[in-house]
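Chain by chain, the residues:
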Amino acid sequence: MKRRGLTLVEMMVSLALSFTLLVAMLGTLQVGQRYFLGALDALALSDCQYRVPREIVQKLMASTATQVTPGNSTFSFATAFNQQNQFQVTPEGLPDWQGKTTYRLEQGRLTRQEPWEKVPRTLTRNLTGLTLKPNNGSFLLTLNVEYDGYTRDFRGEVSMWATPVN
Amino acid sequence: MGHPRKLKGYALLMAIGLIAVLFLLGLALVHFMTAQHSLLRKAEDTALAREASRAGVDYAIAQLRGDPSWRKGFSNLSPVPATAANLTVQVQGDKLKLLCQGQANQTTAFYAALVQPGSILLHNDFSRGASEWAQPGSLPIALLGFYLLNLSLDGEASAGDPLWTDYEAEFEVLLPQATGIGLVVRESPAGDYLVDYSLLRGSVQLVKEFNGTRQVLAEARRRDLQLPHNFKIRADQADLTVSLDGEKVLTFHDPEPLKNGRIAIRPLLNLVTLVDEVTVRQTFRVTAQWRP
């Protein structure tokens, strides 16, 4: 059977198709990379903006207003949760305080130290300020976030109120 | 056209391949958007479930305040729209553990509370005697539905459990004219709180007696010569409240409170005092709340 090359038109069409395919592939890779980096940013921001403050507020609510030491850059409060994260009560039904949980901001790193821990544990980075202010039995937690991400930046405050119920 | 058979349709295959790649890309994008939406919904469901569990416990606490014998819990209550809450009541000694599961779609959250339900600790109408009362040096005398005090009473008459902590003691007494009465709560060897009502002095005082010292915590002018009086003394943690004939007359927050003890009655001026009725109610109290 006699073989022959592509005609000019066929060549042009196939080149155009190949080019489009290449562009689509590169675009896909770029979109994928952008989504991946965007997801990393979203995760880091969600840590600073939601997960960490919500965790602090949840623990603070299970504490008691008389055993909270508010402050700038560091604060602490009594906790009745043990190492297995079980809430401990006395025979009288009152919270059995295990010690104090301390939060501290050191060089942009927010750390938490539970009563049974010897070394503080890093919770998140990208913070420039941490305060807990008392107000009539309630407390205002404020985190100053300064985040330079791959796909977006964020500078601002995250504030949450908490009232210890025990 | 003399195209070799093998090369026929090459452009079509390329086009189909390209369309397939674009289709897959589109699918991936849709999947990504769906995942984002699911994450948002999950976050929303978590917040709803947490609120539902907390509101469920609040609802149960309100039920128990109204009816201290309430134990049945509930299921499929909807304290927040689009949520369901199920609550169980577990009896743990004299306390109740309330555990509520809040649910929003497939997401669940829990909230727990330990409560001390309100109950009657002591009730005497003295129709059948006054055997619950201890009088040093003599036996209690009940006559015609009254408890007669100061017939050979040396000091005071006391009743109850030294371990009582938070309670409201209500006394119905008949006072001889121009005298008064001393009513005591949280009495222990270390000290007590005394409500000293003296018609001669013309005031009602809240006094803390501790290790031999006597400190007036609060005082209100009062001189009412009527015979029957109703006293309510509430000791709730560090807060003390005294009501006289339905009117709140004294309140005090003691930063270093005496924590437990019995009740007692001290007639003044060594005159006969008639006690008509005494009731001690344990106060309802939420002792601990947490999210398991």
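Structure: above.
Okay, so let's go over this structure. Every value quoted in this text rests on a predicted model; they were computed, and no experiment measured them. (Residues numbered from 1 in each chain as written. Chains lettered and ligands numbered in written order. Predicted model: local features only at pLDDT ≥ 70, side-chain atom pairs only at ≥ 80, totals over all residues.)

## Comments concerning the overall build of chain A
At step 1: Within chain A, the regular secondary structure consists of 1 helix and 9 strands.
At step 2: Helices and strands appear in chain A in the N-to-C order α-β-β-β-β-β-β-β-β-β.
At step 3: The 166 residues of chain A split such that 20% are buried. (Helix = DSSP H or I, 4+ residues; strand = E, 2+ residues; numbered from the N terminus. Buried ≥ 20, exposed ≤ 12 C-beta atoms within 10 Å, placed from the backbone.)

## Comments concerning the interface of chain A and chain B
At step 1: Contacts between chain A and chain B engage 21 residues on the former and 19 residues on the latter.
At step 2: Split into classes, the residues belonging to the side of chain A that touches chain B amount to 12 nonpolar, 6 polar and 3 charged. (Contact = placed C-beta atoms within 7 Å. Nonpolar A, V, L, I, M, F, W, Y, C, P; charged D, E, K, R; others polar.)

## Topic: the pairing of strand E11 (residues 191-198) of chain B
Residues and elements named next belong to chain B.
At step 1: When you tally the buried positions in E11, you get 6 out of 8 residues, the bulk of the element.
At step 2: By the bridge criterion, 7 bridges tie strand E10 (residues 180-188) to E11 in an arrangement that is antiparallel. Across the sheet, Val 185 pairs through a bridge with Tyr 193, a residue of E11.
At step 3: What sits between the antiparallel neighbours E10 and E11 is a turn of 2 residues.
At step 4: Of the strand pairs in this sheet, E11 and strand E12 (residues 203-210) are connected by 8 bridges, and their pairing is antiparallel. Looking at E12, one finds that Leu 194 is bridged to Val 207.
At step 5: From the end of E11 to the start of E12, which pair antiparallel, there are 4 residues, and Gly 202 there has a positive phi angle of about 80°. (Pairing = 2+ DSSP bridges.)

## A closer look at the sheet that holds strand E8 (residues 157-159) of chain B
Residue and element names in this part refer to chain B.
At step 1: Strand order in the open sheet made by the 6 strands is E8-E17-E10-E11-E12-E13, with antiparallel pairing throughout. The open sheet is flanked by E8 and strand E13 (213-221), the only strands paired with a single partner. With strand direction ignored, the average angle separating the axes of adjacent strands in the sheet is 20°.
At step 2: In terms of strand pairing, E8 meets strand E17 (residues 262-267) through 3 bridges, oriented antiparallel. Opposite Ser 158, over in E17, you have Ala 264 as the bridge partner. (Axes fitted to C-alpha atoms, helices over the stretch in contact; angles between N-to-C directions.)

## A look at helix H1 (residues 8-61) of chain A
Residue and element names in this part refer to chain A.
At step 1: An ideal rise of 1.5 Å per residue puts 80 Å on 54 residues; H1 measures up with 76 Å between its terminal C-alpha atoms.
At step 2: The sharpest bend along H1 comes to roughly 50°, located at Asp 47.
At step 3: Looking only at H1, the buried set comprises Leu 45, Cys 48, Val 52, Pro 53, Ile 56, Lys 59 and Leu 60. (Expected span 1.5 Å × (residues − 1). Bend = angle between axes of the 7 residues up to and from the residue.)

## Looking at the environment of Asn230(B)
Residues and elements named next belong to chain B.
At step 1: Checked against the element boundaries, Asn 230 lands in strand E14 (residues 228-236).
At step 2: On the basis of neighbour counts, which here come to 15 C-beta atoms within 10 Å, the residue Asn 230 falls in the partly exposed class.
At step 3: Sequence separation of Asn 230 and Gly 246 is 16 residues, and the distance between their C-alpha atoms is 7.2 Å.

## Topic: the environment of Glu132(B)
Residues and elements named next belong to chain B.
At step 1: Summarising the element assignment, Glu 132 is placed in the loop between strand E5 (119-124) and strand E6 (141-143).
At step 2: Of the residues examined, Glu 132 has 13 C-beta atoms within 10 Å and is grouped as partly exposed.
At step 3: Separated by 10 residues in the primary sequence, Glu 132 and Leu 122 place their C-alpha atoms 8.9 Å from one another.
At step 4: Each residue touching Glu 132, except ones within four places of it in the same chain, is listed here: Leu 122, Asn 124 and Ala 159.

## Some points on the sheet that holds strand E8 (residues 138-148) of chain A
Sheet strands associate in pairs through backbone hydrogen bonding, adopting either a parallel or an antiparallel arrangement.
Residue and element names in this part refer to chain A.
At step 1: The 4 strands lie next to each other as E2-E7-E8-E9, forming an open sheet whose pairing is antiparallel. Of all the strands in the sheet, the pair left with one neighbour each is strand E2 (71-72) and strand E9 (153-162).
At step 2: Pairing of strand E7 (residues 127-135) with E8 involves 8 bridges; the strand directions are antiparallel. Residue pairing across strands places Asn 135 opposite Ser 138, the latter belonging to E8.
At step 3: The strands touched by H1 are E7, E8 and E9; relative to E8, the strand with the most contacts, the crossing angle is about 165°.

## Some details on the nonpolar core
At step 1: Within the largest apolar cluster, 38 residues are counted, with the highest numbers of intra-cluster contacts made by Leu183(B), Tyr193(B), Val195(B), Ile233(B) and Val275(B).
At step 2: Ignoring any residue separated from it by four or fewer positions in sequence, one finds Val275(B) in contact with Phe126(B), Phe146(B), Tyr147(B), Leu149(B), Phe171(B), Val173(B) and Ile265(B).
At step 3: The next biggest cluster of nonpolar side chains, apart from the first, holds 24 residues, and it includes Phe81(A), Phe87(A), Leu87(B) and Tyr111(B). (Core = buried A, V, L, I, M, F, W, Y, C linked by C-beta atoms within 7 Å.)

## Looking at the packing of H1(A) against helix H1 (residues 10-66) of chain B
At step 1: Contact geometry of H1(A) with H1(B) gives a least axis separation of 10 Å together with a crossing angle of 15°. In this view, H1(A) runs roughly parallel relative to H1(B), as classed from their interaxial angle. Our pair here, H1(A) against H1(B), has a crossing hand that is left-handed. Taken together, the residues of H1(B) that come into contact with H1(A) (itself represented by Glu10(A), Val13(A), Ser14(A), Leu17(A), Thr20(A), Leu21(A), Ala24(A), Thr28(A) and Tyr35(A)) are Tyr10(B), Ala11(B), Met14(B), Ala15(B), Leu18(B), Val21(B), Leu22(B), Leu25(B) and Phe32(B).
At step 2: Partitioned by chemical class, the residues of the contact of H1(A) with H1(B) number 14 nonpolar, 3 polar and 1 charged. (Parallel < 35°, antiparallel > 145°, perpendicular 65-115°, else oblique. Left-handed = near helix turned anticlockwise from the far one by under 90°.)

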